[in-house]
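Descriptive structure summary
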Amino acid sequence: MVETYRLLGADEPGPFEVFEGDDNSPYFLTADHAGRLLPKRLGDLGLSPNELETHIAWDIGIAGLSKLVAPELGAFLITQTYSRLVIDCNRPKDSPTSIAHLSEHTTITGNIGLSDEERRARLLEVFEPYHARIESELSRRQARGQQTILITMHSFTPRFKGVDRPWEVGVLYNRDARLARRLIDAFTHHGLCVGDNQPYFVSDDSDYAVPVYGEQRGNVHVELEIRQDLIQDAAGQARMAPLVVAALREASAAFIV
């Protein structure tokens, strides 16, 4: 009998961690790039320890920040455990960047030449369980009449391909900018330098959470990006969290029913 290829060992963490919120809270937070673990079977993907600590592997600081923001909002929070280099949980599963071969200037040699079985294992053991848990919670909320305001939490490197990024926060959106516009105003009011669909923008080809859980489900939503040097340690996260909470409350107040 041929043994089925398995990515995760029985002693390894599952692909997500859930922090239950208040059943009366509309806020629903996801952190698709919160973790930087690599399954033992993948080794180091051909990368050095230093490279695996950089932004190519995860959204630096976003797990800690999200864990401070969520309780203040009574929010449901789900964080992804494994590095985005295993499989990117904010990409459509058929995206060419779902399993990256290159991140900024770094070649991910451990992701080159994968078999169909190896790719399928990453999809079945990391991507799909994470999104199944999100889907089940959104369906539960809908069934009980609980409103959902989706905030998908991310962070960005201050310098990318030799170009400095001046924004302290980025507010991203696609077809529906209702919450984004109010959030841009709120962050600006609090004195932050805000990127309007900067340093990235959302699209059906490059993103998953906003198109699928925001637009397709009809939930008020936004993608929030925080510059990593502002939240790379606990002190920075503690400084930024109250600003994020205040801005989100101000921006979303008009949508809460």
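Below is a summary of the structure that appears in this document. Computed from a predicted model, the values in this text were never measured in an experiment.

To continue, consider the pairing of strand S3 (residues 76–80). The buried count for S3 comes to 5 of 5 residues, which makes it a mostly enclosed element. Burial along S3 is two-sided: Phe76, Ile78 and Gln80 and Leu77 and Thr79, pointing in opposite directions, are all buried. Where strand S1 (residues 16–19) and S3 come together, 4 bridges link them in antiparallel fashion. Across the sheet, Phe16 pairs through a bridge with Gln80, a residue of S3. As defined by bridge partners, strand S2 (residues 27–31) adjoins S3 across 4 bridges and the pair is classed as parallel. Paired with Thr30 across the bridge in S3 is Ile78.

Counting 40 residues, the largest nonpolar core has Leu65 and Phe187 as the members making the most contacts within it. Counting residues per element, the ones that place at least two in this core are S2, helix H1 (62–73), strand S6 (149–156), strand S9 (169–172), helix H3 (178–189), strand S11 (220–227) and helix H5 (234–252). Ranked by residues supplied to this core, first place goes to H5 with 7 residues. Other than its neighbours up to four places away in sequence, Phe187 contacts Val169, Val171, Leu192, Val194, Leu224, Leu243, Val244 and Ala247. Phe28, Leu47, Leu123 and Tyr213 belong to the second-largest nonpolar core, a separate cluster that totals 35 residues.

What counts and what doesn't
- Residues numbered from 1 in each chain as written.
- Predicted model: local features only at pLDDT ≥ 70, side-chain atom pairs only at ≥ 80, totals over all residues.
- Heavy atoms only, no water.
- Buried < 20%, exposed > 50% of the residue type's maximum accessible area, 1.4 Å probe, protein only.
- Helix = DSSP H or I, 4+ residues; strand = E, 2+ residues; numbered from the N terminus.
- Pairing = 2+ DSSP bridges.
- Core = buried A, V, L, I, M, F, W, Y, C linked by side-chain atoms within 4.5 Å.
- Contact = heavy atoms within 4.5 Å.

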